[in-house]
Every structure is written in C-alpha cells, then in structure tokens.
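# Architecture at a glance
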Amino acid sequence: MNNIFLKYLGTYILILLLPIILGWSIHEIVLRQFESYITTTHIALLRQTSEIIDNYTKEIEWRVLQIAGNSKIKNLVYKEIQQIEDNILLIREIINELGSYVTYTSNFNTTMYIYLKNMDLVITPNAAYRLGDFFRDEVFFRVKGMDALEWHEKTINTYYPGMFLDARKMTIEDFGRYEMDSFVPYIQSLPVGYGKPPEDITGVILFFSSEEEYISLLENINIPAGGWAYIADEHDRILTGISRESTISPVDYKESENEGFKKIDINGSKMIVIYTTSAINNWKYTTVVPERFLLDKTQIIKTISLAVMVISAVIGIILSSVFAYKRSKPIRKIIELLRNTSDPGAEH
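Remember, predicted model here, so these are calculated numbers, not experimental data.

Criteria and cut-off values
Residues numbered from 1 in each chain as written. Predicted model: local features only at pLDDT ≥ 70, side-chain atom pairs only at ≥ 80, totals over all residues. Heavy atoms only, no water. Helix = DSSP H or I, 4+ residues; strand = E, 2+ residues; numbered from the N terminus. Polar contact = N/O pair within 3.5 Å; in protein donor to acceptor, adjacent residues only side chain to side chain. Contact = heavy atoms within 4.5 Å. Salt bridge = Lys/Arg side-chain N within 4 Å of Asp/Glu carboxyl O. Buried < 20%, exposed > 50% of the residue type's maximum accessible area, 1.4 Å probe, protein only. Arc of directions from axis to C-beta.

## Focus on the side chain of arginine 168
Within the secondary structure layout, arginine 168 lies in strand E6 (residues 168–172). Here the side chain of arginine 168 touches aspartate 166 through a polar contact of 2.8 Å, side chain to side chain. Not counting chain neighbours up to four residues away, the residues in contact with arginine 168 comprise Val143, Met146, Trp151, Lys154, Asp181, Ser182, Phe183 and Pro185.

## Remarks on the pattern of salt bridges
Counted by the stated rule, this structure contains five salt bridges. Of the charged contacts, one joins glutamate 259 and arginine 47 as a salt bridge, the two residues approaching to 2.4 Å between their closest N and O atoms. Placement of the pair is glutamate 259 in strand E11 (residues 259–266) and arginine 47 in helix H1 (residues 2–68), with a sequence separation of 212 residues. Residue class for glutamate 259 comes out partly exposed when judged on its relative accessible area of 30%. Accessibility expressed as a relative area gives 41% for arginine 47, which makes it partly exposed. Between lysine 72 and glutamate 97 there is a salt bridge, and its shortest N-O distance comes to 2.9 Å. Pair noted here: lysine 72 is in helix H2 (residues 71–77) and glutamate 97 is in helix H3 (residues 88–104), with a separation of 25 residues, a long-range link. Glutamate 97 gets classed as partly exposed once you look at its relative accessible area, which sits at 23%.

## Quick notes on helix H5 (residues 148–156)
Every α-helix winds through 3.6 residues per turn, so residues three or four apart in the chain are directed the same way. If you check which residues of H5 are buried, you get Ala148, Trp151, His152, Thr155 and Ile156. When H5 is viewed along its axis, its buried side chains cluster within an angular range of 115° and face the same direction. The inward-facing, buried residues of H5 contact strand E1 (110–116), helix H4 (131–136), strand E4 (141–143), E6, strand E7 (181–190) and strand E8 (203–210). In this structure aspartate 147 caps H5, since a side-chain oxygen of it lies 3.0 Å from the backbone nitrogen of leucine 149.

So this is what it looks like as structure tokens:
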C-alpha cells in the first residue's frame, strides 16, 4: 500500500519539477540576454568611437602631408645647409602657416613641431628654436621618463612613414605652467616615402593630439570596476586607454574576427572581451569587463528565482503528499477489502 502512495507522490513531484526547471532556465535566459545587451551596447559605442577617431586620424594624416608638401617648408628642407639668419622671413611665414594647420584640425587640442636637419632648427606654431635650445630647456620641451635629446635621437634616426605612437606625458612650449599634458604623437619623417635610410632623412614632423580627447570618447562606455577599455594600433600596441581600479592588459586577438566578444582568463580572473576593428586603419577598440559584473547584475533575479523555487518546492512537496494520500486512500481500502475477502479464515 505504501508503494501506491509513493507512486502518486512521485508523479506529483515530477509534475512539480517542471516549473522549477523552467524557472531556472528563465534565469539562464535572462543572464544570456543581459550579456547580449552589454555586448551589443559596447560594440555600438566602440563603433561610434572608431568612426570619430578614424575621421580625426585621417585628418591628421592629411594635414601632415600638406605640411610636408608646403612649398616654403620644402624650400628649407631640400636645400643644402643653410643659415637661419638668411631665412628669417621665410621661417616667420612658416610659423604663421603652422598655426592655421593646428587650429583648423577638428575640435581636438593639438600642437606640433617640425625639425629640419640641414638647419638644426625646430619650428612650432609659435616660434622657431635652435635644436639645443628647444630640447635642453624644459620650458620648451620635456618627455616623461625620457631625456628630451634621447627623444630627438629616436625620432630622427629611424624613418617613420606616418604612424601614431602610444600616449605619453609631455611639455611643449609650457611657458610658465610647468605641467605635463598627455599627448598621442603622430610622426612623419621627411622626405615623405618608404624605407629611407637614416642618412637620407632630412627632417621630421611631429603632430600631437591631446589624449584627453580619446579618453573622453572611451568614457562614454560604461566600464565597471575591475574593467578597462583601450585603443590599440594595427600591431596591437596600446595607444591609449582607461581603467577602473585595474591595470590595462592587452588582449591576444589571434584567430579572432574583426568584431565580437569572447570570454578569457586574465591574471586568474574571468573576463569578457568586447571589441571592434576599424576598417580604415585596423585599430582595435576594446572593452574588458569582469564576468562577475554580469553575474552581479542578475544576482537579484537569481535570488528571487531561487527563493520562489525553494518555496514552491516545499509547498509542492506538502501538497503532493496530501494529494497522493487522498488519491491513494480509496485504492488502499479496496486492496485491504480484497485481502480480507480472499482470506479463507475471515468470517465477514
């Protein structure tokens, strides 16, 4: 008779398990949907950031090529060694024109300088300096973590066919503030071309844009604690980025699509990497979000779901026991009656 009760109870419990399993499945679906929402939102913002910066970098490249092709600058660059004193008026005209190149370029905060090797001269949008004066006086030029002349040697002894360098703190014609600003440099060696040996380099154009402008675009993306976002060039070198209580670590993009997301382990932490690639210059725009961020966001739903399932299970088991007992009672009586009837020793 106990077997009949247990069979009914088992049937009711199986029926009860269906909504519990369904409730847990709904939680998993909500988690996946939220993950998809975060991924879609971040990719959309990364695309928007990429489009703005693509337009800006193209503008910088075009401006620098215009400067390199400026007839007045070419007049100084391609002649034999010249005396500064013999070209004062021409240098002043170049200074005025450089100012228009800088102010015309987008809304980004920019500055620049040109170094002419044959005259050992540095020209900025504000003034012209002898090389020794410009790089030895910290009011005019400083680079954090590097001697200014070391910076100069680095930029003039290697041919750069137009490329961006990683952001760094610098002082360029500070004139009294004595504060370093962070810039993203763009460097173009002269003459414009490819693969020139160091001895053929006649000068260099360095165009600096404020890192704050890049960061302000990345800050439009909601980066949680423990996460970061960054921009890397086509060689996966990080140019600039922001972080929330963590160190910016580059991501290995090998065998990855141009856009998407993947889950990886970084320094023992499970992270979700969301990225897109510029179609213009192959720069990678990446956000790295701790997986626990998604779990934290869905924890309330999970807690409520779990509480409902536990309460439902307890109530369900009690009701199942009651229903199983009531349904099995008539059958148990019939079985008991049959047993009594079939007993030869029974009187009634």
